Amino acid sequence: MQMPTGATRLAAVIGSPVRHSLSPQLHNTAFETLGLDWIYVALEVAPGSAAEALSAMRILGIDGFSVTMPHKEAVAAACDELTDDAEALRAVNCVVNSDGRLIGHNTDGDGFIDALNAELGLDPAGLRCVVLGAGGAARSIGLALARSGATQVAIINRTAARAEEAVALFPEVGVVVAPGEAAACIAGCELIVNATSIGMGSSAETAGAGDVPFDIALITAEHTVVDIVYRPLVTPLLAAAQARGARTANGVSMLTHQAAIAFTLWTGVAAPISAMTAAVSSMLVD
Ligand code: NAP
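Small disclaimer: the values here were computed from a predicted structure and weren't measured.

**Regarding the nonpolar core**
- Counting residues in each nonpolar core, the largest one holds 33 residues, and the members touching the most others are Phe112, Val131, Ile141, Leu145, Ile155 and Leu191.
- Counting only elements with at least two residues in this core, the list comes to α5 (108-120), β7 (128-132), α6 (136-147), β8 (152-156), α7 (160-167) and β10 (191-194).
- Counting residues per element, this core draws most heavily on α6, which supplies six residues.
- In this structure, this core is formed jointly by two domains, domain 1 (9-106 + 253-282) and domain 2 (109-250), each of which donates at least three residues.
- Dropping the residues within four chain positions of it, Val131 is found in contact with Ala138, Ile141, Leu145, Val153, Ala154, Ile155, Ile156, Val193 and Ala195.
- Among the nonpolar cores identified, the runner-up in size contains 25 residues, and Leu22, Leu26, Ala260 and Trp266 belong to it.

And the structure:
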């Protein structure tokens, strides 16, 4: 990495906890690859202090923030302007400091769509999709799938009220399906996305029924199965899907592509995706 100078531009991730974040390696690799005089650091910001962190961003002239838990909603409330996605989701994962005006974006959904394209060559237009989960990631993905022309986005979630809230974001193609009634819907769809945290930290070798989000016997070779979890790289769901002949992808590509969109928003330069993917993959060896 080049020596910082008085002209070095600054970006950071704010969150709590944040020290485990892969974003510094992802973005610093990108800056270094392109020879940009930028640096990216992780800043621990206590819950409840997001608005103050944004004030500091203005005062200190920090160029870009990535935003992670638990600040995505509070940052959305404190930005000067929101993109359509960030406004709909009321959640921001990327802030651009445009001459002191803070613009909140949500790059998760577009990052997911870019990852589908790049890793699997898949365009969701015309597909029937199932999204498991109704949290922040599931909402972004459901909205992005709907905007990309999916003909159906079924949300299956443990807590029904959260599923209803998610579907309200894309009512034209969204449908709530109760977990107990999911079989026909999963069997009849082309794309299955796990956007719950089920499988995180689980090992395929020791996995039990609680480590996969639905009955794996429903998966066929006709399905594409994406698990946005990336720790481990091969979740019990992905291991089962691969064994049943489905096309699969893990969460690394979405992680890289949502960061790549942020990188371009801050710098105005196309992100070096393959260098970023290599950096993140080397940190995530199972
Ligand atoms: P979140 O807002 O906390 O949502 C978690 C979701 O998982 C909820 O729908 C929750 O259901 C469900 N869930 C959790 N434990 C469950 C269980 N035991 N049984 C059934 N459902 C369960 O989290 P998030 O931000 O959306 O993130 C979800 C996952 O995606 C995390 O593992 C995160 O690391 C990953 N992620 C990956 C990327 C990427 O770039 N690859 C980006 C964002 C997130 P309830 O509503 O019923 O609680």
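That was the structure; now back to the text.
**Considering the packing of α5 against helix α10 (residues 252-267)**
- Orientation of α5 relative to α10, taken along the N-to-C sense of each, is 120°, at an axis distance of 7 Å. Looking at the two axes, α5 sits oblique to α10. Crossing hand, α5 versus α10: right-handed. In contact with Asp108, Asp110, Gly111, Phe112, Asp114, Ala115, Ala118 and Glu119 of α5, α10 contributes Ser253, Met254, His257, Gln258 and Ile261.

**Notes on the packing of aromatic side chains**
- Using the criterion set out here, one finds three aromatic pairs in the structure.
- Aromatic pair Tyr40 and Trp266: ring centres 6.0 Å apart, planes at 40°, arrangement tilted. Residue Tyr40 is located in strand β2 (residues 38-44), and its partner Trp266 is located in helix α10; the two are separated by 226 residues in the primary sequence.
- A relative accessible area of 7% places Trp266 in the buried class.
- Among the aromatic side chains, those forming a connected cluster through ring pairs are Phe31, Trp38 and Phe263.

**Section: the domain arrangement of the chain**
- Segmentation of the chain into domains returns domain 1 (9-106 + 253-282) and domain 2 (109-250).
- The interface is formed by 13 residues belonging to domain 1 together with 18 residues belonging to domain 2.
- Summed over both partners, the interface of domain 1 with domain 2 buries about 1300 Å², with 63% contributed by carbon and sulfur atoms.
- On the domain 1 side of the contact with domain 2, Leu89, Ser253 and Met254 bury the most area, a combined 40% of that side's loss.
- Ionic pairing is found between Arg147 and Asp85, a salt bridge with its closest N-O pair at 1.7 Å.
- At the junction of domain 1 and domain 2, the tally comes to two residue pairs in polar contact (both at pLDDT 80 or more).
- When contributions to the side of domain 1 that touches domain 2 are tallied by element, the ones reaching two or more residues are α4 (84-89) and α10.
- For the side of domain 1 that touches domain 2, the element with the most residues is α10, which contributes six residues.
- Split by residue class, the side of domain 1 that touches domain 2 holds six nonpolar, five polar and two charged.

**Remarks on the pattern of salt bridges**
- One pass over the structure, following the stated rule, counts eight salt bridges.
- Glu81 is the salt-bridge partner of Arg101, the closest N and O atoms lying 3.1 Å from each other. With Arg101 in strand β6 (residues 101-105) and Glu81 in strand β4 (residues 81-82), the pair connects residues that are 20 residues apart, well separated along the chain.
- Arg101 gets classed as partly exposed once you look at its relative accessible area, which sits at 41%.
- Judged by relative accessible area, Glu81 falls into the partly exposed class, the value being 36%.
- In this structure, the salt-bridge partner of Glu190 is Arg128, at a minimum N-O distance of 2.5 Å. Pair noted here: Glu190 is in the loop between α8 (183-187) and β10 and Arg128 is in strand β7, with a separation of 62 residues, a long-range link.
- Since its relative accessible area comes to 24%, Glu190 is described here as partly exposed.

**Topic: helix α1 (residues 23-34)**
- The terminal C-alpha atoms of α1, which comprises 12 residues, lie 17 Å apart, in line with the 16 Å expected from a rise of 1.5 Å per residue.
- When we look at burial in α1, the residues that qualify are Ser23, Pro24, Leu26, His27, Asn28, Ala30 and Phe31.
- Gly35, located one to two residues past α1, shows a positive phi value of around 65°.

**Focus on the site of the ligand**
- Every one of the 20 residues lining the ligand counts as a neighbour, but Ala137, Asn157, Arg158, Thr159 and Arg162 are closest to it.
- Take Ala137: an N or O atom from its main chain is 2.9 Å from an oxygen atom of the ligand.
- Between the ligand and the protein, one listed contact pairs a nitrogen atom with a backbone N or O atom of Gly251 at 3.0 Å.
- For the ligand, whose unbound accessible area comes to 920 Å², protein coverage reaches 74%.
- The set of elements that each furnish at least two residues to the shell around the ligand consists of α6 and α10.
- Tallied by class, residues from the shell around the ligand come to 10 nonpolar, eight polar and two charged.

How each quantity is defined
- Residues numbered from 1 in each chain as written.
- Predicted model: local features only at pLDDT ≥ 70, side-chain atom pairs only at ≥ 80, totals over all residues.
- Heavy atoms only, no water.
- Core = buried A, V, L, I, M, F, W, Y, C linked by side-chain atoms within 4.5 Å.
- Buried < 20%, exposed > 50% of the residue type's maximum accessible area, 1.4 Å probe, protein only.
- Helix = DSSP H or I, 4+ residues; strand = E, 2+ residues; numbered from the N terminus.
- Domains from an automatic or database assignment.
- Contact = heavy atoms within 4.5 Å.
- Axes fitted to C-alpha atoms, helices over the stretch in contact; angles between N-to-C directions.
- Parallel < 35°, antiparallel > 145°, perpendicular 65-115°, else oblique.
- Left-handed = near helix turned anticlockwise from the far one by under 90°.
- Phe/Tyr/Trp six-rings, centres within 6.5 Å; stacked < 30°, edge-to-face > 60°.
- Buried area = accessible area lost by both parts, 1.4 Å probe.
- Salt bridge = Lys/Arg side-chain N within 4 Å of Asp/Glu carboxyl O.
- Polar contact = N/O pair within 3.5 Å; in protein donor to acceptor, adjacent residues only side chain to side chain.
- Nonpolar A, V, L, I, M, F, W, Y, C, P; charged D, E, K, R; others polar.
- Expected span 1.5 Å × (residues − 1).
- Near = heavy atom within 4 Å.
- Areas by Shrake-Rupley, 256 points an atom, 1.4 Å probe, with all protein chains shown as cover.

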